[in-house]
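Residue strings, one per chain:
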Amino acid sequence: MVERSAVIAALDAVIDPASGRGLVAAGLVQGLVVGEDRAGFALEVDGARAALYAPVRDAAEAALKALPGLARASVILTAEARPAAAPRTAGLSRAAVDQGRPKAPVPTDRPAHVRRVLAVASGKGGVGKSTVAVNLAAALATRGLSAGVLDADVYGPSLPTMLGIAGQPAYEDGAIVPHQAHGLKAMSVGLLTRMDDAMIWRGPMASQAITQMLTQTRWGTAEAPLDVLVVDLPPGTGDVQLTLIQKTPLDGAVVVSTPQEVALADARRAHTLFQKVGVPTLGLIENMSGPVFGQGGAEAEAARLGVPFLGDLPLDAAVRQAGDAGRPVVLADPSGEIAGRFAAVAARVAAELGL
Ligand SMILES: Nc1ncnc2c1ncn2[C@@H]1O[C@H](COP(=O)(O)OP(=O)(O)O)[C@@H](O)[C@H]1O
Ligand SMILES: [Mg+2]
């Protein structure tokens, strides 16, 4: 059992290069969670300096791991857009301090060397959003495009399982080096933290972590830009999703739904959310189509919304088995029926994105 006080002392022994003080004294440690054999927190730093703090993050993590009894440590670097010299006013609530600050500008910076960013969204969890995200990325790669996937689903990151990747990413010159899996570049919020406690994902923290993974991951280089980055968004149409899609420079979105009316109503809300922020919905995909959940609902809904219908994917055990085994079905069975359907979706999406 690790003592919280020991964790705090260990973190305060790591020096903040900007102020010369310990990380805790400098006010950089946010949302500290201490469990039986694990600890994690967000290192919240000024946005302009975020890249400088990657080594500090590593040092903090090493300091935690050096504690006896602590098996797992995770430190998420989150960048907050605020003036570098903003005072941490004692005695004032965080909200009061926030109100005194200039409004954080909506970042317009796109990830470097990424040509197009495509969101895969759903109004509801469990409809196959991640399945579509990884298979669509794989189908785009099959077309000869360089493709990456960013798993931004803070509620249930599933990319590590679906692509068979594990382990914290490496940092190089302050940039995150993405994993490589089946020819895809991949990064998941699930690789940055293995905390079971979803509490640490306050809305702003989630969007900061995702912005960081988006902009500080070396997705492409000047010589070899990434053609398309597929972002697996968290399900739902609440504040977290709204903030996220406002902050993420998206070129288009694909909405996944099952054929049932409840799921379709949620898909409709997802489309409305994209409309609100001016991101084009490239189309609706019906997943788990067939005798169990029905068929045709998404096509009718797409017609009502005036967005393209991209096709349906049958409920098929091979899809789930491939996902569980860490190899998307499009690659596990490249000449199969499902791969053919994804190829058609990929062709349309690529055309819409001008790729
Ligand atoms: N067409 C399909 N046929 C069979 N199983 C599927 C299909 N699509 C998704 N699944 C399975 O359903 C579960 C939920 O899918 P997932 O992609 O994780 O959903 P989400 O990301 O929307 O929560 C997973 O176990 C996945 O393998
Ligand atoms: Mg998912």
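Below or above, wherever it landed, is the structure these notes cover.

Basis of the calculations
- Residues numbered from 1 in each chain as written.
- Chains lettered and ligands numbered in written order.
- Predicted model: local features only at pLDDT ≥ 70, side-chain atom pairs only at ≥ 80, totals over all residues.
- Heavy atoms only, no water.
- Salt bridge = Lys/Arg side-chain N within 4 Å of Asp/Glu carboxyl O.
- Helix = DSSP H or I, 4+ residues; strand = E, 2+ residues; numbered from the N terminus.
- Buried < 20%, exposed > 50% of the residue type's maximum accessible area, 1.4 Å probe, protein only.
- Contact = heavy atoms within 4.5 Å.
- Near = heavy atom within 4 Å.
- Polar contact = N/O pair within 3.5 Å; in protein donor to acceptor, adjacent residues only side chain to side chain.
- Areas by Shrake-Rupley, 256 points an atom, 1.4 Å probe, with all protein chains shown as cover.
- Nonpolar A, V, L, I, M, F, W, Y, C, P; charged D, E, K, R; others polar.

**Things to note about the pattern of salt bridges**
Thinking step 1. The tally for this structure, following the rule as stated, stands at 16 salt bridges.
Thinking step 2. For Arg110, the salt bridge identified is with Asp251, shortest N-O distance 3.0 Å. Of the two residues, Arg110 is situated in the loop between helix H3 (94–100) and strand E4 (114–121) and Asp251 in the loop between helix H8 (239–247) and strand E11 (252–257); the sequence distance between them amounts to 141 residues.
Thinking step 3. One salt bridge in this structure joins Glu337 and Arg341, with 2.5 Å as the shortest N-O distance. Taken together, the residues span about one helical turn, with Glu337 and Arg341 both in helix H13 (residues 337–352) at a distance of four residues.
Thinking step 4. Overall, Arg341 belongs to the partly exposed group, its relative accessible area being 32%.

**Observations regarding the environment of His271**
Thinking step 1. Among the secondary structure elements, His271 is positioned in helix H9 (residues 261–276).
Thinking step 2. Of the residues examined, His271 reaches a relative accessible area of 6% and is grouped as buried.
Thinking step 3. With 17 residues separating them along the chain, His271 and Val254 place their C-alpha atoms 8.9 Å apart.
Thinking step 4. Non-local contacts of His271, meaning those with residues more than four positions away in its chain, are made with Thr281, Leu305 and Val307.

**Let's talk about the site of ligand 1**
Thinking step 1. Ligand 1 sits among 15 residues. The nearest are Gly126, Lys129, Ser130, Thr131 and Asn287.
Thinking step 2. Contacts to ligand 1 include Thr131, whose side-chain N or O atom sits 2.6 Å from an oxygen atom.
Thinking step 3. Between ligand 1 and the protein, one listed contact pairs a nitrogen atom with a backbone N or O atom of Asp316 at 2.9 Å.
Thinking step 4. Protein coverage of the free-state accessible area of ligand 1, which is 560 Å², stands at 81%.
Thinking step 5. Ranked by the residues each element gives to the shell around ligand 1, the list is headed by helix H4 (residues 129–142), at three residues.
Thinking step 6. Of the residues contributing to the shell around ligand 1, the split by class is six nonpolar, six polar and three charged.

Any functional reading would require information beyond the geometric quantities listed.
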